[in-house]
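Notes for the structure review
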Amino acid sequence: MGNKKSILSGITESRLFSAGILFLMIFILNAVMDKNFFTPNKIYGNLSVITPIIVATIAQSIVIISGSIDLSIGSAISLMNCLLAATMGDTGVSVVFGFVVSFFVMMIISALNGFLVAYLRLPAMVATFAVSTILSGVTLLVLPVPGGYIPKWLPRFYSFMIGGIVPMTVFILLALALIWLFISKTRLGRYIYAVGGNENAATASGINPKLMKFFAFLLSGAFIWITGIIISAQTGSGDFRMGNPYTLTTIAAAIMGGVALSGGVGKLFGAALGGSIMILVTNIIYYAGIQSYLQDMIRGLIVIVALFIAAIPSLRKRVV
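A short tour of the structure in this document, coming up. (Residues numbered from 1 in each chain as written. Predicted model: local features only at pLDDT ≥ 70, side-chain atom pairs only at ≥ 80, totals over all residues. Heavy atoms only, no water.)

**Some thoughts on the overall build of the protein chain**
When its secondary structure is counted, the protein chain shows 15 helices and two strands. Taken along the three principal axes of its C-alpha coordinates, the protein chain extends 65 × 55 × 40 Å. Within the protein chain, the fraction of its 320 residues that count as buried is 46%. The long-range fraction of contacts in the protein chain, counting pairs at least 24 apart against all pairs at least 6 apart in sequence, stands at 78%. Carbon together with sulfur atoms contributes 72% to the accessible area of the protein chain, which is approximately 15600 Å² in total. Side-chain charges of the protein chain comprise 19 positive and 7 negative groups, with the mean position of each set lying 12 Å from the other. (Helix = DSSP H or I, 4+ residues; strand = E, 2+ residues; numbered from the N terminus. Buried < 20%, exposed > 50% of the residue type's maximum accessible area, 1.4 Å probe, protein only. Contact = heavy atoms within 4.5 Å. Areas by Shrake-Rupley, 256 points an atom, 1.4 Å probe, with all protein chains shown as cover. Lys, Arg positive; Asp, Glu negative; His and termini not counted. Charge placed at Lys NZ, Arg CZ, Asp CG, Glu CD.)

**A look at the pattern of salt bridges**
Per the counting criterion, the structure on display carries four salt bridges. Residues K42 and D34 are paired through a salt bridge, measuring 3.5 Å at the closest nitrogen-oxygen approach. A salt bridge links E199 to K213; its shortest N-O distance comes to 3.2 Å. Taken together, the positions of E199 in helix 10 (residues 199-204) and K213 in helix 11 (residues 209-235) put the pair 14 residues apart, joining distant regions of the chain. Judged by its relative accessible area of 14%, K213 is buried. One network of salt bridges, in which partners are shared, links R121, E199 and K213. (Salt bridge = Lys/Arg side-chain N within 4 Å of Asp/Glu carboxyl O.)

**A look at unusual backbone geometry**
In the Ramachandran plot, R121 falls in the positive-phi region, its phi being about 60° despite a non-glycine side chain. Here R121 lies in the loop between helix 5 (92-119) and helix 6 (124-142).

**Topic: helix 9 (residues 187-197)**
Along helix 9, the residues that are buried comprise G189, I192, Y193, V195 and G196. Mapping the buried residues of helix 9 onto a view down its axis gives an arc of 165°, with all of them on the same face. Within helix 9, the exposed residues directed more than 90 degrees away from the buried face are R187 and G197. (Arc of directions from axis to C-beta.)

**Brief notes about the packing of aromatic side chains**
Evaluation of the coordinates by the stated rule reveals ten aromatic pairs. Taking the centre distance of 5.9 Å and the plane angle of 65° together, the rings of F27 and F38 count as edge-to-face. Of this pair, F27 sits in helix 2 (residues 15-33) while F38 sits in the loop between helix 2 and helix 3 (40-65), and the two are eleven residues apart along the sequence. Note on F27: relative accessible area 26%, which makes it partly exposed. (Phe/Tyr/Trp six-rings, centres within 6.5 Å; stacked < 30°, edge-to-face > 60°.)

**A short note on a nonpolar patch on the surface**
A contiguous nonpolar surface patch, about 440 Å² in accessible area, is contributed by L24, I28, L29, V32 and M33. You can see M33 is positioned in helix 2. (Patch = residues over 30% accessible without salt bridge, like charges linked within 9 Å, V, L, I, M, F, W, Y side chains within 5 Å.)

**Some remarks on the environment of G266**
Relative to the helices and strands, G266 is located in the loop between helix 12 (246-256) and helix 13 (268-287). The spatial distance from the C-alpha of G266 to the C-alpha of I58 is 10.0 Å, given a sequence separation of 208 residues.

Shown next as structure tokens:
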């Protein structure tokens, strides 16, 4: 009996449990406020919007788990979107060129962040914010006016329904989940968690913390690149402002999903829950018919309450 109580206590006090309860509450509220919430079109629409947030939150979570933080994610997403819109055409060569160029640029950005944070030991918030400012200027040079061109097949691919039932977004998320599951089981994944959890202990175990943090930024960059492609497929155009909301949103979503800002703790499923919560919160504001000038304030208040709920397990442990 005591063992069962101990297991139950461990579950209820976990960060993932709080995220799950929070998601369930907001999910039910969405269902109550929107009568069409469970219709196929509405389900597809929500999945279409939630997917890039989830992928971007995974990118942010990887860096946070390693013991850092990335304030350049939003600007990097905007740059990826604008690079794709500026380089791709209808030919196969132009599409490959756009993908390769954008990926190469993203790896340079990630390597720069990793070098500044891991090897020069600059504060992650300051270093990545500085990189974000640089990227904003570069993005305007690439595509100063919203527009550009995204091949018509990319939005069609993103909106494709397999068998007329299952959205392509489900397969995208499952594929990324399998990739991260594989990475987390490798030595690289375990070392990233170890460095974020206790850098001194990791060093004593023979792990190179600088190299692991550097690789964490590179790995995160790959997910940012995928986010840029997804957003381009979703919108069908380029916009230098596209990634602006993602930086703070991904940080809040990661924390809601149980990723500890101190590093070393966090699960992919939790990051997915956190990203979903952020979108569902936005839906609630829309359903409530709140005027535009109040929406950001209400969204901020809801996020603060959600973060508090997500932090309850940690607060309970401190009190005990």
